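This is what each chain is made of:
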Amino acid sequence: IFLHVGTLLAIFAFYFAIIRRIIVNLEWSYMLKVIVSAVPAGIIGILFKDQHEEAFASTKMVGAALIFTGVVLTATRFIQKGDKDVSFGRAILMGLAQAVAILPGVSRSGMTLAAARASKVEAERAAEFSFLMSAPPIAGAALLELLKSLKEPGATAEVSWGLTIYGCVLAAFVGYFSLKLLLKSLKGRWFWLFGPY
């Protein structure tokens, strides 16, 4: 949960100016696109929660999902760059890609960015929307897990808070600089190299 919080902090820090602009200018259309994009993952996450947890126990499933992610990312090499903005249709497409990434081993950012690339969204706009659209599902999942753990007697008693906070800060730090690297790869011609990796 705290590692996810760290990731969210990195996203908020990296896109602070954009988030501020959206809130200050009350860009309802953009906010609605973010909400709409989160719906598929929310539905799949709730309906298939038990199957999702079981999938983590299957190394074959995770292995197959990693191969699938690699193939999709490598395939982006053959897609021409676009210059379009994120429309509602493209937001839904990226939302469906995010829902697929509920499977362990499937990269969330990889799927959403590949979907954006396929629908000709400009690289910087694609990255911005991909990470801002991740905030509601990540925050929602973290909140549900936190509430679930608080209901269990003594669940937090065994937590090493020093290591937990350290992990959160480290996740935020690494996440921030990973976003810089990813954005650079999207603007260049080497995003597809994440596939073989």
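Owing to the predicted nature of the structure, the values given are computational and were not obtained by experimental measurement. (Residues numbered from 1 in each chain as written. Predicted model: local features only at pLDDT ≥ 70, side-chain atom pairs only at ≥ 80, totals over all residues. Heavy atoms only, no water.)

Peer 1: Explanation requested: empty space enclosed by the protein in the structure shown.
Peer 2: A water-sized probe rolled over the atoms picks out the places where empty space is left. Per the stated rule, a full pass over the model turns up 1 cavity of 30 Å³ or more. Reported here for the largest cavity is a volume of approximately 40 Å³. In this structure, the largest cavity is lined by Leu-113, Ala-116, Arg-117, Val-121, Ala-123, Ala-126 and Leu-186. Mapped onto the lining of the largest cavity, the elements with two or more residues apiece are helix H7 (108–118) and helix H8 (123–132). (1 Å grid on protein atoms, 1.4 Å probe; cavity = no way out; pocket = protein on both sides within 12 Å on 5 of 7 lines; lining within 4 Å. Points joined across faces, edges and corners; volume = space filled by probe spheres on them. Helix = DSSP H or I, 4+ residues; strand = E, 2+ residues; numbered from the N terminus.)

Peer 1: Explanation requested: the nonpolar core in the structure shown.
Peer 2: A general trend in soluble globular proteins is that nonpolar side chains are found buried together. Grouped together as the largest cluster of nonpolar side chains are 32 residues, with contacts concentrated most on Tyr-15, Leu-113, Phe-129, Leu-132 and Leu-186. Residue assignment for this core shows that the elements contributing at least two residues are helix H1 (2–14), helix H2 (16–24), helix H3 (28–47), helix H5 (59–75), helix H6 (88–100), H7, H8 and helix H10 (161–187). When residues in this core are grouped by element, the largest group, 6 residues, is from H8. (Core = buried A, V, L, I, M, F, W, Y, C linked by side-chain atoms within 4.5 Å. Buried < 20%, exposed > 50% of the residue type's maximum accessible area, 1.4 Å probe, protein only.)

Peer 1: How should I be thinking about H8 in this particular structure?
Peer 2: Residues that lie three or four places apart on an α-helix share one face, since the helix turns once every 3.6 residues. Most of H8 is tucked away, with 8 of its 10 residues classed as buried. For H8, every residue scored as buried is listed here: Ala-123, Ala-126, Ala-127, Glu-128, Phe-129, Ser-130, Phe-131 and Leu-132. Where H8 begins, the side chain of Glu-122 points an oxygen toward the backbone nitrogen of Glu-124, at a separation of 3.2 Å. (Polar contact = N/O pair within 3.5 Å; in protein donor to acceptor, adjacent residues only side chain to side chain.)

Peer 1: Any chance you could explain the packing of aromatic side chains here in plain terms?
Peer 2: To describe a pair of aromatic rings, one takes the distance between the centres and the angle between the planes. Within this structure, the stated rule accounts for 7 aromatic pairs. Centroid distance Phe-2 to Trp-161: 5.6 Å. Interplanar angle 80°. Geometry classified as edge-to-face. Of the two residues, Phe-2 is situated in helix H1 and Trp-161 in helix H10; the sequence distance between them amounts to 159 residues. Relative to Tyr-176, the ring of Phe-14 lies with its centre 5.4 Å away and its plane at 70°, an arrangement referred to as edge-to-face. A residue pair is termed long-range when its members are at least 10 positions apart, and Phe-14 in helix H1 and Tyr-176 in helix H10 qualify at 162 residues. We classify Tyr-176 as partly exposed; its relative accessible area is 27%. Over the ring of Phe-88 we find Lys-33; its NZ or CZ atom is 5.6 Å from the centre of that ring. Here Arg-108 stacks its cationic end above the ring of Phe-131, 5.6 Å away from the centre of that ring. (Phe/Tyr/Trp six-rings, centres within 6.5 Å; stacked < 30°, edge-to-face > 60°. Lys NZ or Arg CZ within 6 Å of the ring centre and 35° of its normal.)

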